[in-house]
Amino acid sequence: MAGFLDRLVTWLGGPPPPPSGLPEPVSAAAVPSRPSILPDDARLPEASRPLVARLLSLIADIEARTQDDAVLVSALTEVRQMRDDHLPRLVTSYAEIPAAHRAEIFRRTGRSASYNLNQGFERMIERLETLSRSLAQDDIDSFADNLRFIEHRYGNDDPSR
């Protein structure tokens, strides 16, 4: 009987039900990706580790706040691209410079390679902080509106209101 129902559901255009006793498959979009760069990455200078930790924390926060909102898909796309593409590429490009040749970066820019790396992290953090503030603005505005309503409705002891 179960085989007949499976064929009937498939014939009617629906997906076949998952085999009994096995969990339903989870879509890749529902499972958050683990960052490929972590703060304790051996390729990072010590001074960069807190910056990477902050960056990843901001990304995780924004990702959690935008996960269920289709309107915010561009923000979610941006932070995932930063985490999955831009951050690893920046770290890899830094790590691929042989230590003996990093002084050339200083000669060209007047700053060490690790300083320039941290500047890149700080720019990414600034963008994430701006994005986070922008996402929070609707909540801030709503809270302010509710406070004004409460003040207007209950703020005056005059019974004629």
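Quick caveat, the model's predicted, so the values are computed rather than measured.

Colleague: When you look at the overall build of the chain in this model, what are you seeing that I'm missing?
Modeller: Looking only at helices and strands, the chain has 5 helices and 0 strands in total. From first element to last, N terminus to C terminus, the chain shows the α and β order α-α-α-α-α. Among the 161 residues that make up the chain, the fraction classed as buried is 22%. Contacts in the chain between residues at least 24 apart in sequence constitute 61% of all its contacts with a sequence separation of at least 6. Accessible surface, the chain: about 11400 Å² in total, of which carbon and sulfur atoms supply 57%.

Colleague: Is there a simple way to think about the nonpolar core in this case?
Modeller: As a rule of thumb, nonpolar side chains are buried together in soluble globular proteins. Among the nonpolar cores identified, the biggest contains 24 residues, and Leu-55, Val-79, Leu-87, Phe-121 and Leu-128 are the most heavily contacted of them. Elements that contribute at least two residues to this core include exactly α2 (49–66), α3 (73–95) and α5 (113–154). Excluding anything up to four places from it in sequence, Val-79 contacts Ile-59, Ile-62, Leu-128 and Leu-131.

Colleague: Looking at this structure, I do not really get the confidence of the model for the chain. What am I missing?
Modeller: Confidence along the chain averages 82 in pLDDT terms, with 75% of residues attaining 70 or more. For residues 21–31, every residue scores under 50 in pLDDT, and the model assigns this stretch 4 contacts once sequence neighbours within four places are set aside.

Colleague: Mind showing me how you'd approach the pattern of salt bridges here?
Modeller: Applying the stated criterion across every chain yields a total of 10 salt bridges. The partner of Arg-65 in a salt bridge is Asp-61, and the shortest N-O contact between them spans 2.9 Å. Residue Arg-65 and its partner Asp-61 are both found in helix α2; the two are separated by 4 residues, about one turn of the helix. With relative accessibility at 35%, the residue Asp-61 sits in the partly exposed group. Through salt bridges that share partners, Glu-63, Arg-80, Arg-83 and Asp-84 make up one connected network.

Colleague: I keep staring at the layout of surface pockets and nothing clicks. Help me out?
Modeller: Rolled over the atoms, a probe as big as a water molecule pinpoints where empty space is left. When its volume is computed, the largest pocket comes out at roughly 180 Å³. Lining the largest pocket, in full, are Arg-65, Thr-66, Asp-69, Val-71, Leu-72, Ser-134, Leu-135, Asp-138 and Asp-139. At the level of secondary structure, the elements contributing two or more residues to the lining of the largest pocket comprise α2 and α5. Element by element, the count of residues in the lining of the largest pocket is highest for α5, at 4 residues. Residue classes in the lining of the largest pocket are distributed as 3 nonpolar, 2 polar and 4 charged.

Colleague: Got a minute to help me understand the packing of α2 against α3 in this structure?
Modeller: Two quantities define a packed helix pair, namely the angle between the axes and the distance from one axis to the other. With their axes 9 Å apart at the nearest point, α2 and α3 run at an angle of 150° to one another. On the basis of the axis angle, α2 is roughly antiparallel to α3. Seen from above, α2 lies across α3 with left-handed handedness. Contacts from Leu-55, Leu-56, Ile-59, Ile-62, Glu-63 and Thr-66 of α2 reach α3 at Ala-75, Leu-76, Val-79, Arg-80, Met-82, Arg-83 and Leu-87. Residues of the contact of α2 with α3, tallied by class, amount to 9 nonpolar, 1 polar and 3 charged.

So, how was this worked out
Residues numbered from 1 in each chain as written. Predicted model: local features only at pLDDT ≥ 70, side-chain atom pairs only at ≥ 80, totals over all residues. Heavy atoms only, no water. Helix = DSSP H or I, 4+ residues; strand = E, 2+ residues; numbered from the N terminus. Buried < 20%, exposed > 50% of the residue type's maximum accessible area, 1.4 Å probe, protein only. Contact = heavy atoms within 4.5 Å. Areas by Shrake-Rupley, 256 points an atom, 1.4 Å probe, with all protein chains shown as cover. Core = buried A, V, L, I, M, F, W, Y, C linked by side-chain atoms within 4.5 Å. pLDDT = per-residue confidence, 0-100. Salt bridge = Lys/Arg side-chain N within 4 Å of Asp/Glu carboxyl O. 1 Å grid on protein atoms, 1.4 Å probe; cavity = no way out; pocket = protein on both sides within 12 Å on 5 of 7 lines; lining within 4 Å. Points joined across faces, edges and corners; volume = space filled by probe spheres on them. Nonpolar A, V, L, I, M, F, W, Y, C, P; charged D, E, K, R; others polar. Axes fitted to C-alpha atoms, helices over the stretch in contact; angles between N-to-C directions. Parallel < 35°, antiparallel > 145°, perpendicular 65-115°, else oblique. Left-handed = near helix turned anticlockwise from the far one by under 90°.

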